[in-house]
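Here are the chains, one letter per residue:
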Amino acid sequence: MHWTADGTGYATVEQGELVKTDIRTGRKTILVAKNKLPRPIGEQVTPIADFAFTPDSANVLIFMNTARVWRYNTKGDYYLVNRASGQARQIGKGKPAQSLMYAKLSPDGRSVGYVSEHNLFVDDVATGQTTQLTTDGTRKRINGTFDWAYEEEFGCRDGFRWSPDSKQIAYWQVDATNIRDYLMLNTTDSAYSHTVPVEYPKVGESPSPTRIGVVAASGGPTAWLPIPGDSQQHYLTRLDWLPNAGSLVVQQLNRKQNESKLFICKPASQSVNLIYTETDKAWIDGKARWSRDDPSGWEWLEGGKSFVWVSEKDGWRHLYRVNVDGKKEINLTPGGYDIATISHIDEATNLIYFIASPDNTNQRYLYRTRLDGKGKAERVTPTGQAGTHGYTVSPNGRLAQHTFTNYQTPLAREWISLPDHKAVNEAESIAARIKPLAKPNVSFFSLTTDDGVTVDGWMAKPTDFDSTKKYPVVFYVYGEPAGSTVNDDFSIGQNRLFQGDMAKAGYIYVALDNRGTPNLKGAAWRKSIYRQIGRINIRDQAMGARKLFTQHAYIDTSRVAVWGWSGGGSTTLHLMFQYPDIYKTGIAIAAVGNQLFYDNIYQERYMGLPQENREDFVSGSPITYAKNLRGNLLYIHGTGDDNVHYDNAEALINELIKYNKQFQVMPYPNRSHSINEGPGTSMHLQTLYTNYLLKQCPPGPR
């Protein structure tokens, strides 16, 4: 969905056509008919993945025929379609098919910049003439995009920015020349195996040196910004042009990610001025944490004289207004609560909208406050719909798409007006259409462990529950700083890998959120896990389970299972190995078995540097405790996982073999971290998971 420039409607793809919808009237207008769309493959129109209009709306840039790069389909073909004539011209004509990335129109709409095969190019909209801006791009010298680690851990993908006057492009260059390749082994696509190299800096390895350059859109030499510091000991995580000046702002994080610096850079004079520094005893989150949908860009105010910044410097995640010289800042959201994300900045009305939930950290609501710092946070979301709310606000702040869910309500959408939060069409409002589904077996709770730690959780009891009987319990875990499991949404109590209904089968299903999970409970809660992954999060889970057992006599402690994926797979292994007296059956999927095998950006952010505190990495790795396995373990991993490499599985398997520990393992050939590629894969995984759970942790009352 893309908003129209006036904020009264949106454009989207419907039945293969580009269609504009007026939100208030519901009237639809075809912007580009299906018969005017290009056909890069045969006679069939390839689905449109994305699109953007020139400022005069005469042309539309269309992204289609996409291909996957790591997690996302970010390569493909781009076409510029003239809406009046229907003429379509391919951008980057002559380049290999599906090789273009992040093509975008210049602000004046006269040019299209893009990346192909690690180099930057610009096409003229009127003539189609191509200008190559960089020539040194290779698999390991990356212009205008990023390597695996930057993309995965900072959300950095699109690596170039048009200047406001459309005359220059600023871009990142990542030099992965000295980053060792992890060699994935493809053994199924030909009679002879072949390696698939991934430039992947593991824990303890220096980051890829990264620099930022500015080049004229008409071509010529690149002027590299003289940003101070050792490029192998820091990251350049954000970049943007000031709105009305020939200057750039750059964020630099040191390697430990506990010091953030902001620089104002003037390419013409090659000057670089430090304007803002922030430090933390643990780590500093990047923008991907509080603006995951778009971690690029900057929140400018006053035409670039100030900006909105997010910081946890006082122990809570707050919004600050900072002057561009860094000399003055105002906390816009003071108080003992966290903001979650920014929804909209409306300078015309002196308001900033954001998501928060001061009273229930497992829910989300829309709030607003004044941009001058003279107001108090005011809840915009009406009472009466307790749960998780999301908002996509129009450019002028007058309309928004509102989403709502809770554990009883599937995700629902409506159009509302702002600032009054009234449904545009009352008959189609969430209140009029959506009725909660009865889920008497699902409940939220809090408990305090014997360590004095209070954790939140949810429980889904079996259908026809009888408190005089004893039932098996299955714990769903994650437990690391990247995500939480206890949120008030419709997925609560559901298990996508279990074939059937766990409640009807006769299982108690439970999730707990330990310290270190990214809940809105303040920085102390989130950052208590620093250098402690694999220890305090695991103890919180285990102590939470023990407390639950003392509170509910109907839990059968001889039938206790646990499962998780990725970080949750690691937590599953830890619980099976460190607390074998509690957890009898475990299903671990795509787990990090050894923290020293994971990427440097993620693991060093939360654990420090192994050159300084290697013992924490060892103590926090499941493989260290594998010798303690006593229960039933099913380990699952894709051999083509470019995220959590398959060496984690094989090293763990070797350790279990060493101590004669019996277990089951399921490798999925050439599958990635999501284990969903290839015919039948998802069904096979679900069947495997379900059969193992039913056999090793039998359901039903006793």
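Given the structure is predicted, the values throughout are model-derived calculations rather than measurements. (Residues numbered from 1 in each chain as written. Predicted model: local features only at pLDDT ≥ 70, side-chain atom pairs only at ≥ 80, totals over all residues. Heavy atoms only, no water.)

Caption draft 1: Focus on the overall build of the protein. Of the regular secondary structure elements, the protein holds 11 helices and 43 strands. A compact globule built from 702 residues should have a C-alpha radius of gyration of about 27 Å, and the protein, at 26 Å, falls within 12% of that. C-alpha extents for the protein along the principal axes are approximately 75 × 60 × 60 Å. The buried share of the protein, reckoned over its 702 residues, is 55%. Sequence-distant contacts in the protein: of pairs separated by 6 or more residues, those separated by 24 or more amount to 57%. Of the accessible surface of the protein, which amounts to about 28,800 Å², a share of 48% is contributed by carbon and sulfur atoms. Between the mean site of the 77 positive side-chain charges and the mean site of the 72 negative ones, the protein shows a separation of 2 Å. (Helix = DSSP H or I, 4+ residues; strand = E, 2+ residues; numbered from the N terminus. Rg over C-alpha atoms; globule rule 2.2 N^0.38 Å. Buried < 20%, exposed > 50% of the residue type's maximum accessible area, 1.4 Å probe, protein only. Contact = heavy atoms within 4.5 Å. Areas by Shrake-Rupley, 256 points an atom, 1.4 Å probe, with all protein chains shown as cover. Lys, Arg positive; Asp, Glu negative; His and termini not counted. Charge placed at Lys NZ, Arg CZ, Asp CG, Glu CD.)

Caption draft 2: The arrangement of the environment of Pro267 in detail. Its location among the elements puts Pro267 in the loop between strand S22 (259-266) and strand S23 (271-279). Among the residues examined, Pro267 registers a relative accessible area of 9% and is labelled buried. For the pair Pro267 and Ile227, spaced 40 residues apart in sequence, the C-alpha separation works out to 11 Å. Those residues in contact with Pro267 that lie beyond four places of it in its chain are Val214, Leu225, Gly246, Ser247 and Leu248.

Caption draft 3: Quick peek at the sheet that holds strand S39 (residues 508-513). As summarised here, the arrangement of the 8 strands in space is S36-S37-S39-S38-S40-S41-S42-S43, forming an open sheet in which the pairing is mixed. Single-partner strands in this sheet number two, and they are strand S36 (442-448) and strand S43 (664-668). Shown here is a sheet whose adjacent strand axes are inclined to one another by a mean of 20 degrees, direction ignored. Here strand S38 (residues 471-476) pairs with strand S40 (residues 555-565) via 5 bridges, running parallel. Of the residues in S40, the one forming a bridge with Tyr476 is Trp563. On the sheet, helix H6 (residues 536-551) packs against S36, strand S37 (454-460), S38, S39 and S40 and is oriented at approximately 110 degrees with respect to S36. The sheet contacts of helix H10 (residues 647-658) involve strand S42 (632-638) and S43, and relative to S42 the element is tilted by about 155 degrees. (Pairing = 2+ DSSP bridges. Axes fitted to C-alpha atoms, helices over the stretch in contact; angles between N-to-C directions.)

Caption draft 4: Layout of the packing of aromatic side chains. Taken as a whole, this structure holds 31 aromatic pairs when the rule is applied. Ring geometry for Phe307 and Trp309: centres 6.1 Å apart, planes at 85 degrees, overall edge-to-face. Both residues of the pair, Phe307 and Trp309, belong to the buried class. Here the aromatic rings of Phe465 and Tyr554 are separated by 4.7 Å at their centres, their planes lie at 80 degrees, and the arrangement is edge-to-face. In this pair, Phe465 is assigned in the loop between S37 and S38 and Tyr554 in the loop between H6 and S40, connecting sequence segments 89 residues apart. With a relative accessible area of 9%, Tyr554 lands in the buried category. Taken together, the aromatic side chains of Phe146, Tyr150, Phe154, Trp172 and Tyr235 make up a single cluster linked through ring pairs. A cation over a ring is seen here: Lys527 above Trp283, with NZ or CZ 5.7 Å from the ring centre. (Phe/Tyr/Trp six-rings, centres within 6.5 Å; stacked < 30°, edge-to-face > 60°. Lys NZ or Arg CZ within 6 Å of the ring centre and 35° of its normal.)

Caption draft 5: Spotlight on the pairing of S40. Counting buried positions along S40 gives 9 out of 11 residues, so the element sits mostly inside the fold. Bridge count for S40 against strand S41 (residues 585-589) is 5 bridges, and the pairing is parallel. Paired with Gly564 across the bridge in S41 is Ala588.

Caption draft 6: Representation of unusual backbone geometry. Following Leu418, the chain continues to Pro419 via a peptide bond in cis, the omega torsion being 10 degrees. Here Pro419 shows up in the loop between strand S34 (409-417) and strand S35 (422-423). Although it is not a glycine, Gln257 sits at a positive phi angle of roughly 65 degrees. As for its placement among the helices and strands, Gln257 is situated in the loop between strand S21 (248-254) and S22.

Caption draft 7: Molecular detail of the sheet that holds strand S27 (residues 329-331). Strand order across the open sheet formed by 4 strands is S24-S25-S26-S27, with antiparallel pairing between neighbours. The sheet is open, and its two borders are formed by strand S24 (300-301) and S27, each paired with just one other strand.

Caption draft 8: Representation of the UniProt feature "domain: Peptidase S9 prolyl oligopeptidase catalytic" (unreviewed entry) in the protein in the model. Taken from the UniProt record, the annotation "domain: Peptidase S9 prolyl oligopeptidase catalytic" (unreviewed entry) applies to residues 502-692. Taken end to end, residues 502-692 is 41% helix and 18% strand, and its two terminal C-alpha atoms sit 14 Å from one another. (UniProt positions renumbered as here; feature names shortened; annotations may be inferred.)

Caption draft 9: Highlighting the packing of helix H8 (residues 600-607) against helix H9 (residues 610-619). The N-to-C vectors of H8 and H9 enclose an angle of 80 degrees; their axes lie 11 Å apart at closest approach. By the angle between their directions, the pair H8 and H9 is classed as roughly perpendicular. Here H8 contributes Gln603, Glu604 and Met607 to the contact with H9, which in turn contributes Pro610, Asn613, Asp616 and Phe617. When the residues that make up the contact of H8 with H9 are grouped by side-chain class, the tally is 3 nonpolar, 2 polar and 2 charged. (Parallel < 35°, antiparallel > 145°, perpendicular 65-115°, else oblique. Nonpolar A, V, L, I, M, F, W, Y, C, P; charged D, E, K, R; others polar.)

Caption draft 10: Inspection of the environment of Leu31 at higher detail. Along the chain, Leu31 falls in strand S4 (residues 28-32). Of the residues examined, Leu31 reaches a relative accessible area of 13% and is grouped as buried. Not counting the four nearest positions on each side in its chain, Leu31 is found in contact with Ala11, Leu18, Val19, Lys20, Phe53 and Arg83.

Caption draft 11: View of helix H7 (residues 567-578). Its 12 residues give H7 an end-to-end C-alpha distance of 16 Å, which sits within 8% of 16 Å, the value for a rise of 1.5 Å per residue. Of all the positions in H7, only Gly567, Gly568, Gly569, Ser570, Thr571, Thr572, Leu573, His574, Leu575, Met576 and Phe577 are classed as buried. Next to the buried residues of H7 lie H6, S40, S41, S42 and H10. (Expected span 1.5 Å × (residues − 1).)

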